[in-house]
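Structure assessment
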Amino acid sequence: MLIIVKFINIMKKLVSVFATSAALVCALVFPSSCKKNDPVTPVVITFDCYTAGNEFDEAGVTTAVIYQDSKELYRFSSGSFVSGVAYVGGNLYSCGSQDGKMTVWKNDKVANSSVESGEFTDMVGDGTKWFCCGKVESDGYTYGVIYGDGAEVYKSTVPSAFYAIDLGASGDWYVVGTVGEEVRVLRISSETKTVKDSYLISTDLRYVPTDMYVGLRDICVSLNYRTVETDYAYCWLSAEPEVIKLSNKTSHAYSAALFNGNFFIGGDMINTAGNQFAVQWVNGIPEDFSYGCKPEYSSVKLLKNTGYSLFEAVESPGMVQICSNGGEVAEISCANSFQVSAWDVVRK
C-alpha cells in the first residue's frame, strides 16, 4: 500500500527531509546552483538533463527541439513533433511524429519512420534498450502499439490508444490509455507479448491520461478530466478504489511520480486573478511552484525520479526551469511558443 501522509506546508517539510539529496544535484554541471543549504561534506553526483519540446509557428506547424542542460542540442525539421526521449547506450533517442507518421530519431537523425499514419506518445529506456508507445491508424480506427528498439513488439487487438509507458521491476511494459470504451492501465509481459494484468481507471473517456509512474508496488497516473467548460486535474493510484480529484477549479495534471513513499502530480491551476500558475500536488495537497517564473502561464510539466532526487521542469513563456526537490538548478531560455513534452535525466 502507498503510504499517504497529509501535512500542512508540505514543501517546507520536504526541504528538510530532502536536504541531503537536494544538495547532491548542486553538483550538476549547470551555470546556477541550488538555493538550499549545502551539507558540510557534499557527495558529488552529476547528471545530464535532456529536455524535449515543440515550438509552434503562427500556422500551428510544430518543430521539435531538444536541449542538453540549458543549451539547444538538436532542432528537427518543420512538421516534427517530439513526445518522448531516452538516453540509451551513449545515444539520445526520441520519438513522436513527422508529418503525421510515427517517427523515432537517434540523436539528430531519423532512425525509423512508419509508413502508417499515427504517432508515438511516450518513451522509456532501461539503460540498454528503449521502448515507446503510441497509436496507429488502420481502417478508420486507432490501435495502441509498443515499439522496442525500432520494431513493433505489441499491438492491441481492439481499438485503443496508448498515451504513456513505463517499465516495471520485472521488465514488463506498462501502458495507460483508452482500451475500447474504457480508460485502463495494461501490464504487458515482455516475454509472451500478451496482457498480464489490466487495471480499470474509468469508463468515462473524459478522463485523459497524461503520464504514468510504476513503482515497486504502486502505480500513479496523472489525468485531466475534460468538460465543455473547462479541465480539472485528477490522478489515479493503484492502491485507491477511485480516481482522486486534485482541484475544484480549472486545473491540469501533466506529470506523475512516486518518491520517498509519497505521490507527486505536476501541473497548474488558475488563481483568483484568472492567471495560470505552476502547482505540484504532494499526496493530493497543492503547493505553489511558480516562484521565479513569469507572473502567469507557468506549469509543472515534467517530473523525474532519479532514485537520488525528484526533478521538476517548470514551464513558462520563454523559459523552462529545471528544479530538484524544489530548488532550481538550471534555466532554459526558449521561444515563447515552446512547450515541454519529455525529458531524461541521466547520472553521469
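Scroll up a little and you will see the structure.
The sections below set out a description of the structure shown in this document. This is a predicted model, so every value here is computed, not measured.

Further remarks concern the packing of aromatic side chains. Two descriptors summarise a pair of aromatic rings, namely the distance from one centre to the other and the angle between the planes of the rings. Overall, the coordinates contain 16 aromatic pairs when judged by the stated rule. An angle of 70° between the planes, with centres 6.4 Å apart, marks the rings of Phe47 and Tyr308 as edge-to-face. One end of the pair, Phe47, is in strand β1 (residues 47-56); the other, Tyr308, is in the loop between β23 (299-305) and β24 (310-316), and 261 residues separate them in sequence. The exposure class assigned to Tyr308 is partly exposed, which follows from its relative accessible area of 32%. Put simply, the rings of Phe47, Tyr308 and Phe311 touch in pairs and so form one group of aromatic residues. For Lys245, the ring lying beneath its charged end belongs to Tyr232, and the centroid distance is 4.6 Å. Here the basic side chain of Lys301 rests over the ring of Tyr254, its NZ or CZ set 5.0 Å away from the ring centre.

This part is about the state of the cysteines. Evaluated as defined, the whole model comprises 0 disulfides. Between Cys132, a cysteine without a disulfide, and Cys95, which holds the nearest cysteine sulfur, the sulfur-to-sulfur distance is 4.6 Å. Residue Cys133 stays outside any disulfide, its sulfur separated by 7.4 Å from that of Cys132, the closest cysteine.

What follows concerns the environment of Gln339. Mapped onto the elements of the fold, Gln339 is located in strand β27 (residues 339-347). Residue classification places Gln339 among the partly exposed residues on the basis of a relative accessible area of 38%. Apart from the residues lying within four places of it in its own chain, the contact partners of Gln339 are Gly53, Asn54, Phe56, Lys301 and Glu315.

The next thing to look at is the sheet that holds strand β15 (residues 207-214). Taken together, 4 strands build an open sheet; the order of strands is β15-β16-β17-β18 and the sheet is antiparallel. Both edges of this open sheet fall to β15 and β18 (244-245), since each of them pairs with a single strand only. Relative to β18, strand β17 (residues 231-237) runs antiparallel, the two being bridged by 2 bridges. Within the sheet, the bridge partner assigned to Cys235 lies in β18 and is Ile244.

Calculation notes
Residues numbered from 1 in each chain as written. Predicted model: local features only at pLDDT ≥ 70, side-chain atom pairs only at ≥ 80, totals over all residues. Heavy atoms only, no water. Phe/Tyr/Trp six-rings, centres within 6.5 Å; stacked < 30°, edge-to-face > 60°. Helix = DSSP H or I, 4+ residues; strand = E, 2+ residues; numbered from the N terminus. Buried < 20%, exposed > 50% of the residue type's maximum accessible area, 1.4 Å probe, protein only. Lys NZ or Arg CZ within 6 Å of the ring centre and 35° of its normal. Disulfide = S-S within 2.5 Å. Contact = heavy atoms within 4.5 Å. Pairing = 2+ DSSP bridges.

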